[in-house]
Amino acid sequence: MRTSTRIAGVLTGLTLALGGTLAAPAAQADIPACTQMAGQAGATDTSGLSSACRLGVSGDLQGCVSGLTSAGVAGGAASGACRLAAHEPR
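What you see is a predicted model, and the numbers here were worked out from it, not measured in a lab. (Residues numbered from 1 in each chain as written. Predicted model: local features only at pLDDT ≥ 70, side-chain atom pairs only at ≥ 80, totals over all residues. Heavy atoms only, no water.)

## Overview of the side chain of serine 79
Formally: The numbering of helices and of strands both runs from the N terminus, where a helix is a DSSP run of H or I of at least 4 residues and a strand a run of E of at least 2. Exposed residues in this analysis have more than 50% of their type's maximum accessible area, buried residues have under 20%, and partly exposed residues fall in between, with area computed by a 1.4 Å probe over protein chains only. When checking whether two residues touch, look at their non-hydrogen atoms; a contact exists if any pair is within 4.5 Å.
Along the chain, serine 79 falls in helix H5 (residues 75-85). Residue classification places serine 79 among the buried residues on the basis of a relative accessible area of 16%. Those residues in contact with serine 79 that sit more than four places away from it in its chain are Leu61 and Val65.

## Re the state of the cysteines
Filter applied, for reference: In this description, a disulfide is simply a cysteine sulfur pair whose atoms lie within 2.5 Å.
With the rule as written, the count across this model stands at two disulfides. A disulfide bridge connects cysteine 64 with cysteine 82, and the sulfur atoms are separated by 1.9 Å. Judged by the sign of its S-S torsion, about -95°, the cystine formed by cysteine 64 and cysteine 82 is left-handed. One end of the pair, cysteine 64, is in helix H4 (residues 61-70); the other, cysteine 82, is in helix H5, and 18 residues separate them in sequence. Taking relative accessible area as the criterion, cysteine 82 reaches 1% and is therefore assigned buried. The connectivity of the disulfides in the chain is 1-2, 3-4, where the numbers refer to bonded cysteines in sequence order.

## Things to note about the nonpolar core
Put simply, the rule reads: In this description, a nonpolar core means a group of buried Ala, Val, Leu, Ile, Met, Phe, Trp, Tyr and Cys residues linked to one another through side-chain atoms lying within 4.5 Å.
Among the nonpolar cores identified, the biggest contains 16 residues, and Cys34, Leu49, Cys53, Leu68 and Val73 are the most heavily contacted of them. Taken together, the elements giving at least two residues each to this core come down to helix H2 (31-40), helix H3 (49-57), H4 and H5. Here this core gets four residues from one element, more than from any other, and that element is H5. Not counting residues up to four positions away in its chain, the partners in contact with leucine 49 are Thr35, Ala38, Gly39, Ala43, Leu68 and Ala71.

Structure (structure tokens):
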């Protein structure tokens, strides 16, 4: 086997191996963290927290914040919880 062919094979193998590890996994929603943060921020009506956090997951930040503030969560905390909803669980 020629050296150039061997080097090309090694580089291809490295590219494939590293490509699998460098590819970001699909982000998953962190609805439990969102609902927990909303509860700690003083939500008075906990029945709609999960559905409001699901709106944040789908990208409807305004709908999520609106749902959380109607449940008694302060505006800044509601916005933070909605942003947290879209992040991968830790």
